[in-house]
Each structure stands twice: as structure tokens, then as C-alpha cells.
Amino acid sequence: QPAPDAGASASNAAAGRTAQMLADQLVDEAVGYTRDPKIPPARAALRASLLLEFANRLSPGDPRILKLLVEASQVAGRTEVERTALRSLIRTDPGDMVAQVEYLDFVAGATEALDERAHIYQAAFDSQSLDPTVRSEMAVRLARIAEERGDDTAARTLLHQALQLNDVNVRALREWVRIA
């Protein structure tokens, strides 16, 4: 006779598979909304983000679902959902540098003042704990702010630093050429 724990484990495994299947169905339906030309993009994004929230509850920490939820929530203007999904994505996949940059952009974008945005980007740029690729992107953002302030010399210096941190940063290369 099987141990009582074996029955509970099998039941939990079956429930997990069922939850994952349902999450996958919700993801498929959400993606379908975004591809339907008859539905206005904002409405499709709202519907998709709602379905993806439920999919995330069924399959928490699935990076694929979280990435789709971030994108749909952004388009739908659901900023709190977007913030939460970005934070979850970074916790789930700390190596996802795109999510890290998106989160920093999200935080900086929440403020109106240019000085506050610059402070957020500068703190990230100065943080040695962040990957050089992320710091390189922060340097590009700081360069744009410097350029907005009319300080082309600082902008060039920041772009040079961005390229030192990540010599294949295409955005930094394009900006470097643009302001050269």
C-alpha cells in the first residue's frame, strides 16, 4: 500500500499540471486578443493584461507570462500591475537585464522632474552591483538628459562611458554618432 504522502504528492502534481495547462490557455487567449485587428489596441491590451494576471496566479514566477504581463499592462496603462510584474520578473530571473532596465525606466518615468530622473539613473549608473550592460544603458539615459540640458560635453563623456561598459551597446553607438 502506498504511503499517504505518495497520494498527496501525486494529487499536488496533477493540480500543478492542471494549473499550468489553464495558465497556458489564458496566455493563448491573451495573445489572441492582441492579434485581433477588430479590437482596439488599448482594449486588447487591457483584456490581455487581465487574463495574464490570472495566468500568473496559476503559474507564479513564469518569466514568459511575466514578460507578456509587463508588455500588456504597459500598453493598457495599468502601471501598478506593470510595476509588480517587473519586480516579480527581476526576482524570478535576476539575469534579465532588459527587465532591470525597464524597471529603472519605469521608476524614473514616474517622476516629472528631470533632476529626479537624472538622480535615479545616476544612482543605477554608479551602482557596482548592477551588470555593466545595465549601467551602460543608464549612461545613455544620462547622456540624453545632459543633452537636454545643453551639456553636449557631458553627453559625449557619458556615451563614451556607456561604450566602455558595453562596447556593443547599439543605442550608445547611435547616440555617439548623432551628437558627434
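Each remark here, short or long, concerns the structure printed above.
Residues numbered from 1 in each chain as written. Predicted model: local features only at pLDDT ≥ 70, side-chain atom pairs only at ≥ 80, totals over all residues. Heavy atoms only, no water.

### A few points about the overall build of the chain
- Per the secondary structure count, the chain includes 9 helices and 0 strands.
- Counted from the first residue to the last, the chain has its helices and strands arranged as α-α-α-α-α-α-α-α-α.
- Taking 2.2 N^0.38 as the reference for a compact globule, 180 residues should give roughly 16 Å; the C-alpha atoms of the chain span a radius of gyration of 21 Å, well beyond that estimate.
- Judged by the C-alpha coordinates and their principal axes, the chain covers about 75 × 45 × 30 Å. (Helix = DSSP H or I, 4+ residues; strand = E, 2+ residues; numbered from the N terminus. Rg over C-alpha atoms; globule rule 2.2 N^0.38 Å.)

### Here's the deal with the pattern of salt bridges
- The full count for this structure, using the stated rule, is 11 salt bridges.
- For the salt bridge of Glu 53 with Arg 78, the shortest nitrogen-to-oxygen distance reads 2.7 Å. Of this pair, Glu 53 sits in helix α2 (residues 41-58) while Arg 78 sits in the loop between α3 (63-76) and α4 (79-92); the two residues are 25 residues apart in sequence, bridging distant segments of the chain.
- As a salt-bridge pair, Asp 105 and Arg 141 come within 2.6 Å of each other at their nearest N and O atoms. A residue pair is termed long-range when its members are at least 10 positions apart, and Asp 105 in helix α5 (residues 97-109) and Arg 141 in helix α7 (residues 132-148) qualify at 36 residues.
- For Arg 141, a relative accessible area of 9% gives the class buried.
- Connected through salt bridges with shared partners, the residues Asp 105, Glu 137, Arg 141 and Arg 171 form a single ionic network. (Salt bridge = Lys/Arg side-chain N within 4 Å of Asp/Glu carboxyl O. Buried < 20%, exposed > 50% of the residue type's maximum accessible area, 1.4 Å probe, protein only.)

### Side note on the environment of Ala 23
- One can find Ala 23 in helix α1 (residues 4-35).
- Separated by 37 residues in the primary sequence, Ala 23 and Pro 60 have C-alpha atoms spaced 9.7 Å apart.
- In this view, Ala 23 contacts Ala 55, Leu 58, Ser 59 and Ile 65; residues no more than four positions away in its chain are not counted. (Contact = heavy atoms within 4.5 Å.)

### Observations concerning α2
- The first and last C-alpha atoms of α2 sit 25 Å apart over 18 residues, in line with the 26 Å expected at 1.5 Å per residue.
- Restricting attention to buried positions, one finds in α2 the residues Ala 44, Ala 45, Ala 48, Ser 49, Leu 51, Leu 52, Glu 53, Ala 55 and Asn 56. (Expected span 1.5 Å × (residues − 1).)

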